[in-house]
Amino acid sequence: MLAFSKLSGKMKLLWLFIFFFASLSLLVFSQKDVFKKDMLVSDAAENYSYLPAVFVFQDFNFEYVTVSNHIPFDKISYITSPIGKPVIKMPMGFAIVNAPFFIIGHIYAIAFDYECNGYSLPYYLSIRISTIFYVSLACSMLILIISQFSNFFISFLSVSLMLFGTNLLNYIIYQPGMSHAFSFSFGVFFIFSMLSWTNKANLKGFLLMCFLFGLLVLIRPTNLFFGVFPVLYTVRNYNDFTSRFKLLFWNRNFLLGLGLFFIIILPQLLYWKVQTGQFLISTYSLKGEGFFFLNPQIANTLFSFRNGWLIYTPIMFFSLIGMFFVCRFYPNWFLPLMVYFILNLWVISSWWCWWFIGFGNRAFIDMYGVLVLPLCIIRSITTHYFDEMN
């Protein structure tokens, strides 16, 4: 561990990435019948359907779904829009971040004589590798982030507990077609870029942060709440807030960042315009799905045996306890972390399907990148306590 601590930041990132990539690959590919398991179920099929529609068939009306193409009909799910065209309910962020891996899978399918319809083995394998890649990189970066404020070993242990001890692992091994592992990963990338911009306050860091924010929103629209971090990080009083506000919004780079964010989300707006006749539309409402903001099921969302978050992911209970100590140990993080968690809890528990079908309440996975910080605090406190006992 001492020798590792002497390595440069890039070398630490590389070795951590190798560790997590190898560990997750072993877990994923050691599963029985891993290549036969159906990973495109429900929302996953909708997340994925942009990819073959664009890169294989260039057809958003799904006229390519025929028996001759050997595409399972249950893998294509869409809603009929107000103008009579099919529209995919899920946003296209999942497809965008998976596109490089999908293209490699497509090339492999062509080269080795697999069926090039977007639904044969190379394509499925590309999504599995993409999930492992992004999560491994995110966990590695997360350790480097937390080790700036805490002991490296405790940072490593806390992130490992979060990865291997929560329902995130389920969405890496069994359901990589869902968006949550990618939302977690790009949330970490966004926080990393925010800290880099905060330290250097340069144009490159600011534009990278805006770019990643656009991808986050496209992966899951509720990731808009990540925006509280660049606004409230380091804020402890009103003067801090005004200084932070000016740094973020009253500078010549703000319009450039806003323009980049708009460019990132533009494909989604254009897709909606073509398929629905509107630039902005709630595709969820077309299926009668929505929120009940005045009747949030907070207790059920956290503790119900109907997929309650803490019932199926009990280790995160320690993260919630740790949030009460953030103000003391990491005061720069206290306000954005509390506001971010409260907003997410309210929205998650207000959703009509507050139990979020899956293993554990999967909507909380998006927050794990920042919730590992209070988990790290509890680990530090217990380590210090046992050291004193000895």
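Look up: the structure comes first, before these words.
Being a predicted model, the structure only gives us computed values, none of them experimental.

The rules behind the values
- Residues numbered from 1 in each chain as written.
- Predicted model: local features only at pLDDT ≥ 70, side-chain atom pairs only at ≥ 80, totals over all residues.
- Heavy atoms only, no water.
- Helix = DSSP H or I, 4+ residues; strand = E, 2+ residues; numbered from the N terminus.
- Rg over C-alpha atoms; globule rule 2.2 N^0.38 Å.
- Buried < 20%, exposed > 50% of the residue type's maximum accessible area, 1.4 Å probe, protein only.
- Contact = heavy atoms within 4.5 Å.
- Areas by Shrake-Rupley, 256 points an atom, 1.4 Å probe, with all protein chains shown as cover.
- Axes fitted to C-alpha atoms, helices over the stretch in contact; angles between N-to-C directions.
- Parallel < 35°, antiparallel > 145°, perpendicular 65-115°, else oblique.
- Left-handed = near helix turned anticlockwise from the far one by under 90°.
- Nonpolar A, V, L, I, M, F, W, Y, C, P; charged D, E, K, R; others polar.
- Phe/Tyr/Trp six-rings, centres within 6.5 Å; stacked < 30°, edge-to-face > 60°.
- Lys NZ or Arg CZ within 6 Å of the ring centre and 35° of its normal.
- Expected span 1.5 Å × (residues − 1).
- Polar contact = N/O pair within 3.5 Å; in protein donor to acceptor, adjacent residues only side chain to side chain.
- Salt bridge = Lys/Arg side-chain N within 4 Å of Asp/Glu carboxyl O.

## Some remarks on the overall build of the protein chain
For step 1, the next point in the chain: Assigned secondary structure in the protein chain consists of 19 helices and 2 strands.
For step 2, the next point in the chain: In terms of overall size, the protein chain behaves like a compact globule, its C-alpha atoms giving a radius of gyration of 21 Å where 390 residues would be expected to give roughly 21 Å.
For step 3, the next point in the chain: Referenced to the eigenvectors of the C-alpha coordinate spread, the extents of the protein chain come out at roughly 70 × 50 × 45 Å.
For step 4, the next point in the chain: Going through the 390 residues of the protein chain one by one, you find that 52% of them count as buried.
For step 5, the next point in the chain: In the protein chain, of all internal contacts separated by at least 6 residues, the share reaching a separation of at least 24 is 74%.
For step 6, the next point in the chain: By element, 69% of the accessible surface of the protein chain is carried by carbon and sulfur atoms, the whole surface being about 18100 Å².

## Quick notes on the packing of helix 2 (residues 9-29) against helix 6 (residues 121-146)
For step 1, the next point in the chain: As a packed pair, helix 2 and helix 6 sit with axes 8 Å apart at the nearest point and diverge in direction by 140°. When the axes of helix 2 and helix 6 are compared, the pair comes out oblique. The two elements helix 2 and helix 6 meet at a crossing, and its hand is right-handed.
For step 2, the next point in the chain: When grouped by side-chain class, the residues that make up the contact of helix 2 with helix 6 number 18 nonpolar, 4 polar and 2 charged.

## Let's talk about the packing of aromatic side chains
For step 1, the next point in the chain: This model, assessed by the stated rule, comprises 52 aromatic pairs.
For step 2, the next point in the chain: Ring geometry for Phe186 against Phe189: centres 5.0 Å apart, planes inclined by 75°, an arrangement best described as edge-to-face. Placement of both Phe186 and Phe189 in helix 9 (residues 180-200) is noted, with a separation of 3 residues, approximately one turn of the helix.
For step 3, the next point in the chain: Overall, Phe186 belongs to the buried group, its relative accessible area being 6%.
For step 4, the next point in the chain: For Phe189, a relative accessible area of 9% corresponds to the buried category.
For step 5, the next point in the chain: Between Phe245 and Phe249 the ring centres are 4.7 Å apart and the planes differ by 45°, which places this aromatic pair in the tilted class. Note that Phe245 and Phe249 are positioned in helix 12 (residues 238-249) at a spacing of 4 residues, about one turn of the helix.
For step 6, the next point in the chain: The exposure class assigned to Phe249 is partly exposed, which follows from its relative accessible area of 28%.
For step 7, the next point in the chain: Among the aromatic residues, ring-to-ring pairing joins Phe149, Phe190, Phe213, Phe226, Phe229, Tyr233, Phe261, Tyr330, Trp333 and Tyr340 into one connected group.
For step 8, the next point in the chain: Taking the ring centre of Trp355 as reference, the NZ or CZ of Arg306 above it sits at 3.7 Å.

## Re the side chain of Ser193
For step 1, the next point in the chain: Within the element layout of this structure, Ser193 appears in helix 9.
For step 2, the next point in the chain: The residues contacting Ser193, other than those within four sequence positions of it, are Gly205, Leu208, Met209 and Leu212.

## Comments concerning helix 10 (residues 203-219)
What sets the pattern is the α-helix's 3.6 residues per turn: residues three or four places apart point alike.
For step 1, the next point in the chain: If you check helix 10, its first and last C-alpha atoms are 24 Å apart, about what 17 residues at 1.5 Å a residue would give, namely 24 Å.
For step 2, the next point in the chain: By the criterion of burial, helix 10 is predominantly enclosed, with 12 of the 17 residues buried.
For step 3, the next point in the chain: For helix 10, the elements touching its buried residues are helix 5 (93-111), helix 9, helix 11 (228-232), helix 12 and helix 13 (254-276).

## Comments concerning the packing of helix 5 against helix 10
For step 1, the next point in the chain: Two numbers describe how helix 5 lies on helix 10: the axes approach to 6 Å, and their chain directions differ by 120°. Classified by the angle their axes make, helix 5 and helix 10 are oblique. Across the interface between the two elements, Gly93, Phe94, Ile96 and Val97 from helix 5 touch Leu215, Leu218 and Ile219 from helix 10.

## Re the side chain of Asp366
For step 1, the next point in the chain: Turning to its location among the elements, Asp366 is positioned in the loop between helix 18 (331-350) and helix 19 (368-389).
For step 2, the next point in the chain: Under the relative-accessibility criterion, Asp366 is labelled buried at 2%.
For step 3, the next point in the chain: Only 2.5 Å separates the side chain of Asp366 from the side chain of Arg220, close enough to count as a polar contact.

## Points about the pattern of salt bridges
For step 1, the next point in the chain: Enumeration over the complete set of coordinates arrives at 4 salt bridges.
For step 2, the next point in the chain: Of the charged contacts in the structure, one is a salt bridge between Lys89 and Asp43, with a shortest N-O distance of 3.8 Å. On the criterion of sequence distance, the pair formed by Lys89 in the loop between strand 2 (86-87) and helix 5 and Asp43 in helix 3 (residues 43-48) is long-range, its members being 46 residues apart. Of the two residues examined, Lys89 and Asp43, each falls in the buried class.
For step 3, the next point in the chain: Among the salt bridges present, the one from Arg220 reaches Asp366, with a minimum N-O distance of 2.5 Å. Taken together, the residues span a long stretch of sequence, with Arg220 in the loop between helix 10 and helix 11 and Asp366 in the loop between helix 18 and helix 19 at a distance of 146 residues.

## Regarding the environment of Ser42
For step 1, the next point in the chain: Inspection of the secondary structure puts Ser42 in the loop between helix 2 and helix 3.
For step 2, the next point in the chain: According to the relative accessible area criterion, Ser42 is exposed, its value standing at 52%.
For step 3, the next point in the chain: In this structure the C-alpha to C-alpha distance between Ser42 and Pro72, which are 30 residues apart in sequence, comes to 13 Å.

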